[in-house]
Amino acid sequence: MDFILAQLPDAAATATFDWFAWVILPLLIFLARIVDQSLGTLRIIFVSRSLRKLAAIVGFFESLIWLVAISQIIQNLENWVSFIAFAGGFSMGNYIGIYIESKLAMGMLCMRIITAQDATELTDALRENKYGATTVSATGRSGQVRLILTIFKRKDLQKVQNIVLKHNPNAFVSVEDIRSVHEGVFPDPAPSFLSRLNPIRK
């Protein structure tokens, strides 16, 4: 009988397991770090696009959440699970921040199209879709080529690429971010939800 009792788990030891310190707290730190680093990724992108107000607002909440998370780490230095949660949240936050930014598709892009073929149909198609197209005669390794420049919103990248592939699939294409645009030709923006609720009367 004594042997059987000795093999049973110590109920007192089981009851003393701190679920908050070893499970709940690391999970909260992990989630807080995801939010913090996601905001940090967005803030860097906003700064690169000179969106100062958005960068300042996001930076405030980023630093606040980081302070809360790091304070819990300092108060629980013996808890190695919290260290892993902190690092894991940092890694996941980078991924989620970039994903969110790609869905927001903020900013403008400049596409350079170089082709040795006739580009009349391509430029006409771009202009029919309300995209500006500037053509320049140039010289490449194989002779005379046409350089076409068009600027558009990031959310329209796939649409513009499809137009190029349809009319000139063998063209050389490069795309880069631009910080600001003055004037230009762009498609009419779709009416926003707020504008539908409160239309401006002339």
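Calculation criteria
Residues numbered from 1 in each chain as written. Predicted model: local features only at pLDDT ≥ 70, side-chain atom pairs only at ≥ 80, totals over all residues. Heavy atoms only, no water. Core = buried A, V, L, I, M, F, W, Y, C linked by side-chain atoms within 4.5 Å. Buried < 20%, exposed > 50% of the residue type's maximum accessible area, 1.4 Å probe, protein only. Helix = DSSP H or I, 4+ residues; strand = E, 2+ residues; numbered from the N terminus. Contact = heavy atoms within 4.5 Å. Salt bridge = Lys/Arg side-chain N within 4 Å of Asp/Glu carboxyl O. Axes fitted to C-alpha atoms, helices over the stretch in contact; angles between N-to-C directions. Parallel < 35°, antiparallel > 145°, perpendicular 65-115°, else oblique. Left-handed = near helix turned anticlockwise from the far one by under 90°. Nonpolar A, V, L, I, M, F, W, Y, C, P; charged D, E, K, R; others polar.

Colleague: Would you mind showing me how to read the nonpolar core here?
Modeller: Generally speaking, soluble globular proteins have nonpolar side chains that are buried together. By size, the foremost hydrophobic cluster in this structure holds 15 residues, and its most contacted members are Ile113, Leu122, Leu126 and Ile148. Of all the secondary-structure elements, those providing two or more residues to this core are β1 (108–115), α6 (120–128), β3 (143–153) and α7 (157–167). In terms of nonpolar packing, the next biggest core, distinct from the first, is built from seven residues, Ile29, Ala69, Ala85 and Phe86 among them.

Colleague: How do you make sense of the side chain of Ser82 when you look at a structure like this?
Modeller: With respect to the helices and strands, the residue Ser82 is situated in helix α5 (residues 80–104). Ser82 gets classed as buried once you look at its relative accessible area, which sits at 0%. When residues no more than four places from it in sequence are discounted, the contact partners of Ser82 are Leu25, Pro26, Ile29 and Ile73.

Colleague: What's the story with the pattern of salt bridges in this structure? I'm lost.
Modeller: Pairs may arise between side chains of opposite charge once their charged atoms sit close together. Enumeration according to the criterion identifies five salt bridges in this entry. Asp36 is the salt-bridge partner of Arg33, the closest N and O atoms lying 2.0 Å from each other. In this pair, Arg33 and Asp36 both sit in helix α3 (residues 19–48), three residues apart, roughly one turn of the helix. What makes Arg33 buried here is its relative accessible area of 6%. Judged by relative accessible area, which is 2%, Asp36 ranks as buried. Between Glu101 and Arg154 there is a salt bridge, with its nearest N and O atoms 2.3 Å apart.

Colleague: Whenever I open this one, the packing of helix α4 (residues 52–75) against α5 confuses me. Can you help?
Modeller: Axis angle and axis distance: for two packed helices, these are the angle between their axes and the distance between the axes, and together they describe the pair. Interaxial distance between α4 and α5 falls to 10 Å at its minimum, and their mutual angle equals 155 degrees. On the basis of their axis angle, the class for α4 and α5 is roughly antiparallel. Read as a crossing pair, α4 and α5 show a hand that is left-handed. Only Ser82, Phe83 and Phe86 of α5 make contact with α4, whose side of the interface consists of Trp66, Ala69, Ile70 and Ile73. When its residues are assigned to classes, the contact of α4 with α5 shows six nonpolar, one polar and no charged.

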